[in-house]
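Residues per chain, in single letters:
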Amino acid sequence: MKGKVALHNLGCKVNAYETEAMQQMLEAAGYEIVPFAPGADIYVINTCTVTNIADRKSRQMIHKARKMNPDAIVVAAGCYVQAGKEKAETDMSIDLIIGNNKKQELIPLLEEFQKNRNCGQGIIDIGHTREYEELEIDRTEEHTRAYIKVQDGCNQFCTYCVIPYARGRVRSRRTEDVVREVERLACSGCQEIVLTGIHLSSYGVDRKEEGENLLSLIRAVHQVNGIERIRLGSLEPGIITEEFAAAIAKLPKVCPHFHLSLQSGCTSTLKRMNRRYTAEEYKEKCEILRKYYPAPALTTDVITGFPGETEEEFAESRSFVDSIGFYETHIFPYSRREGTKAADMPDQLPEQIKKERCRELIALGKKHRTEYMQHFLGQEKTVLFEEIQTIAEEEYWVGHTMEYLKVGVKTNQNLENKMAVVMIESILQEEILVGEIG
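What this report covers is the structure whose coordinates are included nearby. (Residues numbered from 1 in each chain as written. Predicted model: local features only at pLDDT ≥ 70, side-chain atom pairs only at ≥ 80, totals over all residues. Heavy atoms only, no water.)

1. Side note on the overall build of the protein
- Broken down by element type, the protein carries 13 helices and 18 strands.
- Against the 2.2 N^0.38 benchmark of 22 Å for 438 residues, the protein shows a C-alpha radius of gyration of 22 Å, consistent with a compact globule.
- Projected onto its principal axes, the C-alpha coordinates of the protein cover approximately 65 × 60 × 50 Å.
- When burial is assessed residue by residue, the protein has 57% of its 438 residues classed as buried.
- Expressed as a percentage of contacts within the protein between residues at least 6 apart in sequence, the contacts between residues at least 24 apart total 74%.
- Approximately 19,200 Å² of the protein is accessible, and the part contributed by carbon and sulfur atoms is 49%.
- Here the protein contributes 56 positive and 67 negative side-chain charges, whose respective centroids are spaced 3 Å apart. (Helix = DSSP H or I, 4+ residues; strand = E, 2+ residues; numbered from the N terminus. Rg over C-alpha atoms; globule rule 2.2 N^0.38 Å. Buried < 20%, exposed > 50% of the residue type's maximum accessible area, 1.4 Å probe, protein only. Contact = heavy atoms within 4.5 Å. Areas by Shrake-Rupley, 256 points an atom, 1.4 Å probe, with all protein chains shown as cover. Lys, Arg positive; Asp, Glu negative; His and termini not counted. Charge placed at Lys NZ, Arg CZ, Asp CG, Glu CD.)

2. Details of the nonpolar core
- If you look at the biggest cluster of nonpolar residues, it comprises 68 residues, and the most contacted ones within it are Tyr160, Ile193, Leu195, Leu214, Ile218 and Leu235.
- Sorting elements by how many residues they give to this core places helix α8 (residues 214–222) first, with six residues.
- Dropping the residues within four chain positions of it, Leu235 is found in contact with Leu200, Ser201, Leu214, Ile240, Phe258, His259, Leu260 and Ser261. (Core = buried A, V, L, I, M, F, W, Y, C linked by side-chain atoms within 4.5 Å.)

3. Focus: a negative patch on the surface
- A contiguous patch of negative charge, built from Glu280, Glu281, Glu284 and Glu287, is present on the exposed surface.
- When you line up the elements, Glu284 lands in helix α11 (residues 279–292). (Patch = residues over 30% accessible without salt bridge, like charges linked within 9 Å, V, L, I, M, F, W, Y side chains within 5 Å. Salt bridge = Lys/Arg side-chain N within 4 Å of Asp/Glu carboxyl O.)

4. Side note on the packing of aromatic side chains
- A full pass over the atoms with the stated rule returns ten aromatic pairs.
- Judged by centre distance (6.3 Å) and plane angle (85°), the ring pair of Tyr160 and Phe306 falls under edge-to-face. In this pair, Tyr160 sits in the loop between β7 (145–152) and α6 (163–167) while Phe306 sits in the loop between β12 (297–304) and α12 (311–324), placing the two residues 146 residues apart along the sequence.
- Ring centres of Phe258 and Tyr293 lie 5.4 Å apart, and the angle between their planes is 55°; on these two criteria the pair is classed as tilted. Taken together, the residues span a long stretch of sequence, with Phe258 in strand β11 (residues 257–259) and Tyr293 in the loop between α11 and β12 at a distance of 35 residues. The pair Phe258 / Tyr293 is uniform in exposure class, with both members buried. (Phe/Tyr/Trp six-rings, centres within 6.5 Å; stacked < 30°, edge-to-face > 60°.)

5. Brief notes about helix α13 (residues 351–374)
- Taking 1.5 Å of rise per residue, 24 residues should cover 34 Å, and α13 covers 35 Å from first to last C-alpha, within 8% of that figure.
- Three or more residues of α13 are buried, namely Lys354, Arg357, Cys358, Leu361, Leu364, Gly365, His368, Arg369, Tyr372 and Met373.
- As for α13, its buried residues are in contact with β12, α12, β13 (328–333), β17 (419–428) and β18 (432–437). (Expected span 1.5 Å × (residues − 1).)

6. Brief notes about the sheet that holds strand β9 (residues 192–197)
- With respect to topology, four strands assemble into an open sheet ordered β8-β7-β9-β10, the strand pairing being mixed. Both edges of this open sheet fall to β8 (171–172) and β10 (229–232), since each of them pairs with a single strand only.
- Bridge count between β7 and β8: two bridges; the pairing is antiparallel. When the bridges of β8 are listed, Gln151 appears paired with Ser172.
- Contacts from helix α7 (residues 175–187) reach β7 and β9, with the element oriented near 170° to β7.
- Packed on one face of the sheet, α8 meets β7, β9 and β10 and runs near 155° to β10. (Pairing = 2+ DSSP bridges. Axes fitted to C-alpha atoms, helices over the stretch in contact; angles between N-to-C directions.)

7. Concerning the sheet that holds β17
- In space, the five strands of this closed barrel follow the order β14-β15-β16-β18-β17, with mixed pairing throughout. Across the sheet, the mean angle from the axis of one strand to that of its neighbour is 50°, orientation sign disregarded.

8. As for the packing of α8 against helix α9 (residues 242–249)
- Close contact between α8 and α9 brings their axes to 11 Å; oriented N to C, the two are set at 0°. Comparing the axis directions of α8 and α9 gives the class roughly parallel. For the pair α8 and α9, the contacting residues are Leu214, Leu215, Ile218 and Arg219 in the first and Phe244, Ala247 and Ile248 in the second.
- Of the residues assigned to the contact of α8 with α9, the class counts are six nonpolar, no polar and one charged. (Parallel < 35°, antiparallel > 145°, perpendicular 65-115°, else oblique. Nonpolar A, V, L, I, M, F, W, Y, C, P; charged D, E, K, R; others polar.)

9. Let's talk about the pattern of salt bridges
- What the rule picks out here adds up to 34 salt bridges.
- For the salt bridge of Lys149 with Glu18, the shortest nitrogen-to-oxygen distance reads 2.6 Å. Residue Lys149 is found in strand β7, and its partner Glu18 is found in helix α1 (residues 13–28); the two are separated by 131 residues along the sequence. By the burial criterion, Lys149 is buried, and Glu18 matches it.
- Between Glu176 and Arg174 there is a salt bridge, with its nearest N and O atoms 3.7 Å apart.
- One salt-bridge network, in which partners are shared between bridges, spans Glu18, Lys103, Lys149, Asp152, Arg167 and Arg171.

10. Quick look at the side chain of Asn101
- Of note, Asn101 is situated in the loop between β5 (96–98) and α5 (106–116).
- One polar contact links the side chain of Asn101 to the main-chain carbonyl oxygen of Glu131, over a distance of 2.7 Å.
- A distance of 3.0 Å separates the side chain of Asn101 from the side chain of Arg171, its partner in a polar contact. (Polar contact = N/O pair within 3.5 Å; in protein donor to acceptor, adjacent residues only side chain to side chain.)

11. Some remarks on the side chain of Asn15
- By the element assignment, Asn15 lies in helix α1.
- A distance of 2.7 Å separates a polar side-chain atom of Asn15 from the backbone oxygen of Leu10.
- Within the structure, Asn15 has its side chain in polar contact with the side chain of Arg167 (distance 2.7 Å).
- Contacts of Asn15, omitting those with residues within four sequence positions, involve Asn9, Leu10, Asn46, Thr47, Cys48, Lys103 and Arg167.

12. Brief notes about the packing of α11 against α12
- With their axes 11 Å apart at the nearest point, α11 and α12 run at an angle of 10° to one another. Considering the angle they form, α11 stands roughly parallel to α12. Side by side, α11 and α12 meet where Ala279, Tyr282, Lys283, Cys286 and Arg290 of the first sit next to Phe320, Ser323 and Ile324 of the second.
- By residue class, the composition of the contact of α11 with α12 is five nonpolar, one polar and two charged.

Printed below as a string of structure tokens:
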């Protein structure tokens, strides 16, 4: 063994995939993976910078690693060090900085540092690269479900978001590379694939000459034997057209679970956010999906307290969210992010107002979640089971439907990574559907 390595991930599903890929690279190179605790020789922190809080958490984990072993090599990778290179270079807790599009070089960069012990870094000008960084995994710890990164970067430049500066422009992975990875995961027993990216809807815009787009990618993955479900990561409303919805509705492996990013239900606020659609256009996209699927699970994100959001604009946004009836609504108070246009906008709102509006939308979201879950009472649903969980002091085998509804059953059978039809009978603790295997 070359040493003990502890990894810690912060942030999104793309980061989680990249951390898993780095772990498997380290294992293949002869390193021993250990828990993120005292005693490791090397600590790798895959950082996040989406908000100021994410920056703070990234710094905290870097400094925690240094305290756990002052003699260890501390590697800071990802978005926080990419966007804040100057700060990272002066942080005495960091030995090696690895930015985005350089994580595939973790092993040679680490070995070079081990030889020379000079503070090193691998950071490129992310805004000018057009190369997709090829990372891959052969297995996933979840066993039943694997997140596959197929795209990186974003060209949208929403006024509140720093990600285009940390991740660069849109870069798409070749379809054949995605398919090969999915085939390997299917051979390892994985039955569900989640296609994910920084801006998934943009997949293929840089590969038009090859004729690749998100629909062609979905169709290619759909042909892989052993994969029973394809779930899509966060989508932009613009990709939902009659043609797209009709096409995926003909692919039985595609899950009727769509996360359509909203951010605000008020068109004037959306314009200040540079979101490139109106509230009415967003609603039309939801109606298209409901035309092709009988009860699709629609989920979304909403920001409250964006600069200049008046009481009237918030009421308009709240009313819009109420009218859609989402399965899940992820609510975030606006976080002022240095380096974005929104940070310099006038009429920044007090934190208390943001939090109050958050609470109001969270309560509304819980109401709609319960209503959506109630729709399935008395129905039979196919569940892909994952693990045993203790809920209300009792053990249940738990899995998910294609809509990503959490379902539990009491049984002595071993249901790990198995599918079964369940008659849905009740809702337990407002979070899980309970039933019996038919």
